[in-house]
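Architecture at a glance
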Amino acid sequence: MRIGLVGTGRIGAFHAETLAGLPKVDGLVLTDLDQARAQSVAEKVGAQLVPDVATLLRAGIDGMVIAAPTPVHADLVRLAAAAGLPAFCEKPIAPDVAGTRAVLAEAADAGTPLQMGFQRRFDAGYRAVRDAVRRNVLGWLHTLRACTSDPAPPHADYIPTSGGIFRDCSVHDFDIIRWVTGREVVEVYATGGNRGESFFAAAGDVDTGAAVLTLDDGTIAVCTATRYNGAGYDVRLEVCGSAGTLVAGLDDNAPLVSAEGAGWPAGRPYGSFMERFRAAYVAELTAFCDVIAGRMASPCSGEDALEALLVADAADRSRREHRPVRLEEVRG
Ligand SMILES: NC(=O)c1ccc[n+]([C@@H]2O[C@H](COP(=O)([O-])OP(=O)(O)OC[C@H]3O[C@@H](n4cnc5c(N)ncnc54)[C@H](O)[C@@H]3O)[C@@H](O)[C@H]2O)c1
């Protein structure tokens, strides 16, 4: 099958390599506003380069992967739906809830599948935790601790359109907590701090955030995120229950050091999301090929992305207004 890819920046260039290596993909067409960047990626992976999205849509593609910046996702999902093409979209669909709902309605009218890029759903550790919760191995859950810690901030221009740390980083935790537990979030209480560069505060954002979620069965989940984790890329989920605890992301490459001098984790710390989730990115794009072929329904729907965005909206409002925010308040 032939796949079209829009955007060849950080994640797009990585997806281009992954897609080019999938046995099911025999043609890759890509475009980027920055044609020089797209050209170098096309040459590296052996893809066809086209000048714009309109040309991409006429290039005989079977599905579209959207890895352009957040503000253009909604238009690109709309264009894919209007062309009758299944779409894979990096989060979020749109920066706000109203925009997300409008796009979802158009995709539903067109009847085209939409898969969102919450790759943790394809990570072996997170899948094992979900399986244990579903089999009731851990008993009833009392505490979840999730972290998304980037080693260094993205470029400064990225921050003003990123949606803020909860919509950009913690949204992955919000999605995976819903997916692992099968529960919905009912309330969020969040805070944040700025001890790094000034461009976060200038954009009304924080470089470090923490959100306490209450789930609909009373389970508490604590989610932290930072842009300045010098030890490495640290993404984990600890799920603690009345009968046991299971952790995703606690392997030899976890960027942790024991204060007791234990010689573990012994490996080189993860440096980036590409290293940490390489296998998950391959699995999610392999699944997208199955979605295109009609062999499976979207494993991460637009409605899932909307729910995670609502939790992020509640966290953002809670941080700004210094108060707990119920989900129905942001659901509208
Ligand atoms: N799932 C994940 O782990 C993950 C990780 C990083 C980023 N993301 C998401 O991926 C998206 C891209 O992030 P990034 O870090 O790769 O950004 P980036 O800025 O590195 O790259 C974006 C690319 O899109 C191009 N572009 C901009 N407007 C365009 C348009 N209208 N048409 C075509 N190309 C256009 C830019 O020239 C650039 O090359 C964001 O929405 C982000 O939230 C997801």
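In case you missed it, the structure is sitting above this.
Residues numbered from 1 in each chain as written. Predicted model: local features only at pLDDT ≥ 70, side-chain atom pairs only at ≥ 80, totals over all residues. Heavy atoms only, no water.

1. Notes on the packing of helix α5 (residues 97-110) against helix α11 (residues 302-321)
As a reminder of what qualifies: Convention adopted: a line fitted to C-alpha atoms gives each axis, helices being fitted over their contacting stretch, and angles between N-to-C directions are expressed from 0 to 180 degrees. Think of it this way: any DSSP run of H or I at least four residues long counts as a helix, any run of E at least two long counts as a strand, and we number them from the N terminus. When an angle is under 35 degrees it counts as roughly parallel; over 145 it counts as roughly antiparallel; between 65 and 115 it counts as roughly perpendicular; any other value is oblique. Contacts are residue-level and defined by heavy atoms, with any inter-residue pair within 4.5 Å sufficient. Three residue categories are used. Nonpolar comprises Ala, Val, Leu, Ile, Met, Phe, Trp, Tyr, Cys and Pro, charged comprises Asp, Glu, Lys and Arg, and polar comprises the others, including Gly.
Relative to each other, α5 and α11 sit at 175 degrees, their axes nearing to 10 Å. As judged from the angle between their axes, α5 and α11 are roughly antiparallel. Here V97, T100, R101 and L104 of α5 lie close against α11, whose contacting residues are G302, E303, L306, L309, L310 and D313. Within the contact of α5 with α11, the residues separate by chemical class into 5 nonpolar, 2 polar and 3 charged.

2. A closer look at the layout of surface pockets
Counted only if it meets this: Every definition here rests on a 1 Å grid over the protein atoms only: cavities are sets of points where a 1.4 Å probe fits but cannot get out, pockets are open sets enclosed by protein on both sides within 12 Å along at least five of seven lines, and lining residues have some atom within 4 Å of a point. Grid points are joined across faces, edges and corners, and a volume is the space filled by probe spheres set on the points.
Considering only enclosed or pocket space, the largest pocket measures out at about 1100 Å³ in volume. Lining the largest pocket are 41 residues, with I11, A67, A68, P69 and Y158 sitting closest to its centre. When residues of the lining of the largest pocket are traced back to their parent elements, those giving at least two are α1 (10-20), α4 (73-82) and α7 (165-181). Among the elements that line the lining of the largest pocket, the one with the most residues is α7, at 3 residues. For the lining of the largest pocket, the per-class residue count stands at 17 nonpolar, 13 polar and 11 charged.

3. Comments concerning the sheet that holds strand β1 (residues 2-6)
For clarity, the threshold we go by: The pairing criterion is simple: DSSP has to find at least two bridges between the two strands.
The parallel open sheet is built from 6 strands, whose spatial order is β3-β2-β1-β4-β5-β6. Every other strand in the sheet has two partners, leaving β3 (48-49) and β6 (114-116) as the edge strands with one partner each. Note that strand β5 (residues 87-89) and β6 share 3 bridges and pair parallel. Residue pairing across strands places F88 opposite Q115, the latter belonging to β6. Contacts from α4 reach β1, β4 (63-66), β5 and β6 within the one sheet, and its direction differs from that of β4 by about 175 degrees. Those strands touched by helix α10 (residues 278-292) are β1, β4, β5 and β6, and its axis lies near 150 degrees from that of β4.

4. Comments concerning the pairing of strand β12 (residues 245-248)
Consecutive side chains of a regular strand alternate in pointing toward one face of the sheet and then the other. Here 4 bridges tie strand β11 (residues 234-241) to β12, and the two strands are oriented antiparallel to one another. Within the sheet, the bridge partner assigned to E238 lies in β12 and is V247.

5. Description of the nonpolar core
How we decide: Here, nonpolar core refers to any group of buried Ala, Val, Leu, Ile, Met, Phe, Trp, Tyr and Cys residues whose side-chain atoms link them within 4.5 Å. Relative accessible area decides the class of each residue, using a 1.4 Å probe on protein chains only: under 20% of the type maximum gives buried, over 50% gives exposed, and in between gives partly exposed.
F174, V188 and L213 are the most contacted members of the largest nonpolar core, which has 101 residues in total. Ignoring sequence-local partners within four residues, the contact set of F174 consists of F166, A211, L213, C223, A308, V311, A312 and A315.

6. Regarding the pattern of salt bridges
Here is the rule we go by: Definition used for salt bridges: Asp or Glu carboxyl oxygen within 4 Å of a side-chain nitrogen of Lys or Arg.
By the definition in use, this model includes 32 salt bridges. Across the salt bridge formed by D168 and K91, the nearest N and O atoms sit 3.0 Å from each other. Note that D168 is positioned in helix α7 and K91 in the loop between β5 and α5, a separation of 77 residues in sequence. This pair shows no difference in class: D168 is buried, exactly as K91 is. The partner of D304 in a salt bridge is R121, with the nearest N and O atoms 3.4 Å apart.

7. Notes on the site of the ligand
What counts is decided by this rule: Being near a molecule or strand, for a residue, comes down to having at least one heavy atom within 4 Å of it. Counting of polar contacts relies on pairs of N or O atoms within 3.5 Å, with two restrictions inside protein: one atom must be capable of donating a hydrogen and the other of accepting it, and residues adjacent in sequence are counted only when both atoms are side-chain atoms. Note on areas: these come from Shrake-Rupley sampling with a 1.4 Å probe, and a residue is covered only by the protein chains present in the view. More than half of a molecule's atoms within 2 Å of the grid points is what it takes for that molecule to sit in a cavity or pocket.
Around the ligand, the surrounding shell holds 26 residues, and the nearest of these are R10, D32, R37, E90 and Y281. Between the ligand and D32, the relevant distance is 2.6 Å, taken from an oxygen atom to a side-chain nitrogen or oxygen of the residue. Between an oxygen atom of the ligand and a side-chain N or O atom of Y158, the distance comes to 3.4 Å. Relative to its unbound accessible area of 850 Å², the ligand is 88% covered by the protein chains. Taking a 2 Å distance to the grid points as the criterion, the majority of the atoms of the ligand fall inside the largest pocket.

Any link to function would need more than the numbers given here.
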